[in-house]
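Here is how the chains run, residue by residue.
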Amino acid sequence: MRSGSAAGSGVARDRMAERGSDLAAVVQRLGRDELRSLADELGALWRGDSNAAERAGARLAGLFREIGLVTRDELEDAELRIAQLEHRLRLLEDGRPSER
């Protein structure tokens, strides 16, 4: 019998493998020239070129979306919305007359 943590790590391993295959598919779709261009832009970003930073950021955001990742801003927005819904739910529950 497997422990809960062993089963959980198996699920996590499967998810990581799925993300890895998604990333491999995106890399294959982009092609060698596109990847080289992205690498050049990241190098320019490292050197401090602000135009390259904007281009690389936009390209990476698109790449991350393709493989199913979210940005920090999207995550924070989702967390805020969940907190607002939880607050509204508490207000509704607190305003409900008690059942006896």
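You'll find the structure just up there.
Residues numbered from 1 in each chain as written. Predicted model: local features only at pLDDT ≥ 70, side-chain atom pairs only at ≥ 80, totals over all residues. Heavy atoms only, no water.

Trainee: Teacher, can you tell me more about the overall build of the protein chain here?
Mentor: Each helix and strand in the protein chain was counted, giving three helices and zero strands. Counting only residues that meet the buried cut, the protein chain has 9% of its 100 residues in that class. Of the roughly 8,500 Å² of accessible surface on the protein chain, a fraction of 55% belongs to carbon and sulfur atoms. (Helix = DSSP H or I, 4+ residues; strand = E, 2+ residues; numbered from the N terminus. Buried < 20%, exposed > 50% of the residue type's maximum accessible area, 1.4 Å probe, protein only. Areas by Shrake-Rupley, 256 points an atom, 1.4 Å probe, with all protein chains shown as cover.)

Trainee: Can you walk me through the pattern of salt bridges in this structure?
Mentor: Any two side chains of opposite charge can pair, given that their charged atoms come close. Applying the stated criterion across every chain yields a total of two salt bridges. Note that aspartate 77 and arginine 81 form a salt bridge whose closest N and O atoms lie 3.2 Å from each other. Of this pair, aspartate 77 and arginine 81 are both found in helix α3 (residues 72-95), four residues apart, which corresponds to roughly one turn of the helix. When its relative accessible area of 37% is taken as the criterion, aspartate 77 is described as partly exposed. (Salt bridge = Lys/Arg side-chain N within 4 Å of Asp/Glu carboxyl O.)

Trainee: Sorry if this is basic, but what is going on with the environment of isoleucine 67 here?
Mentor: Structurally, the position occupied by isoleucine 67 is in the loop between α2 (50-66) and α3. For isoleucine 67, a relative accessible area of 10% translates into the label buried. Sequence separation of isoleucine 67 and valine 26 is 41 residues, and the distance between their C-alpha atoms is 7.2 Å.

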